[in-house]
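Chain residues, written in single-letter form:
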Amino acid sequence: MQLAELTQFLDGYLNHAAMSDMSLNGLQVEAEGAEIKRVALAVDASLAAIEGAIAANAQLLITHHGLFWGRPVALSGMVGRRVRTLIQAGLSLYTS
């Protein structure tokens, strides 16, 4: 399945627009390679969850708690490392 098709379905099904939430729900990190063959799930977008999804050969990680929460954040330190790891592995991140 294509990433755009899956995220469009999830956005509609989860109806983020109807909820007031300070987190950035939806696709937070889009990696190259839009075809999704395997999805991994986790509560948090922790480095351990990201590494586990990579080890499982997933192309998409869906989490409840993402990386971005309603305010700009520098892509350095812990957040930068997570984003780099996602992109280098070709793993996209979707949160809700």
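Conventions we followed
- Residues numbered from 1 in each chain as written.
- Predicted model: local features only at pLDDT ≥ 70, side-chain atom pairs only at ≥ 80, totals over all residues.
- Heavy atoms only, no water.
- Helix = DSSP H or I, 4+ residues; strand = E, 2+ residues; numbered from the N terminus.
- Buried < 20%, exposed > 50% of the residue type's maximum accessible area, 1.4 Å probe, protein only.
- Polar contact = N/O pair within 3.5 Å; in protein donor to acceptor, adjacent residues only side chain to side chain.
- Contact = heavy atoms within 4.5 Å.
- Phe/Tyr/Trp six-rings, centres within 6.5 Å; stacked < 30°, edge-to-face > 60°.
- Pairing = 2+ DSSP bridges.
- Axes fitted to C-alpha atoms, helices over the stretch in contact; angles between N-to-C directions.
- Parallel < 35°, antiparallel > 145°, perpendicular 65-115°, else oblique.
- Nonpolar A, V, L, I, M, F, W, Y, C, P; charged D, E, K, R; others polar.
- Core = buried A, V, L, I, M, F, W, Y, C linked by side-chain atoms within 4.5 Å.

> Describe in detail unusual backbone geometry, supporting the description with residues and values.
With a phi close to 60°, N57 is a non-glycine residue in the positive phi region. Examined against the element boundaries, N57 turns out to sit in the loop between α2 (47-55) and β3 (60-65). What makes N57 exposed here is its relative accessible area of 53%.

> Give me the lowdown on the side chain of T63, citing residues and values where you can.
Along the polypeptide, T63 turns up in strand β3. A distance of 3.0 Å separates a polar atom in the side chain of T63 from the backbone oxygen of H65. Those residues in contact with T63 that lie beyond four places of it in its chain are A42, V43, D44, A45, L93, Y94, T95 and S96.

> Account for the packing of aromatic side chains, with residues named and values stated.
Scanning all chains against the criterion turns up one aromatic pair. Ring geometry for F9 and Y13: centres 5.7 Å apart, planes at 15°, overall stacked. Residue F9 and its partner Y13 are located together in helix α1 (residues 3-14), separated by four residues, close to a single helical turn. Owing to a relative accessible area of 63%, Y13 belongs among the exposed residues under this scheme.

> Describe in detail the sheet that holds β3, supporting the description with residues and values.
What the four strands build is an open sheet, ordered β1-β4-β3-β2; its pairing is mixed. Strands with a single pairing partner mark the edges of an open sheet, and in this sheet they are β1 (26-29) and β2 (39-44). Between one strand axis and the next, the sheet turns through 30° on average, direction left out of account. Pairing of β3 with strand β4 (residues 92-95), which is carried by four bridges, proceeds in the parallel orientation. Its bridge partner lying in β4, T63 is registered against T95.

> Give me the lowdown on the packing of α2 against helix α3 (residues 77-89), citing residues and values where you can.
Their axes nearest at 10 Å, the elements α2 and α3 cross at an angle of 10°. Judged by the inter-axis angle, α2 sits roughly parallel to α3. Between α2 and α3, the contacting residues are L47, I50 and I54 on the first element and R81, R82, T85, L86 and A89 on the second. Looking at side-chain class alone, the contact of α2 with α3 contains five nonpolar, one polar and two charged residues.

> Please give an account of the nonpolar core that cites residues and values.
Ranked by internal contacts, the top residues of the largest apolar core, which has 15 residues, are V29, L61, L67, L86, L91 and L93. Taken together, the elements giving at least two residues each to this core come down to α2 and α3. Sequence-distant contacts of L91, defined by excluding residues within four places in its chain, comprise A31, I50, A53, I54, A58, Q59, L60, L61 and L86. If you look at the next biggest cluster of nonpolar residues, it comprises seven residues, including L6, I36, L60 and Y94.

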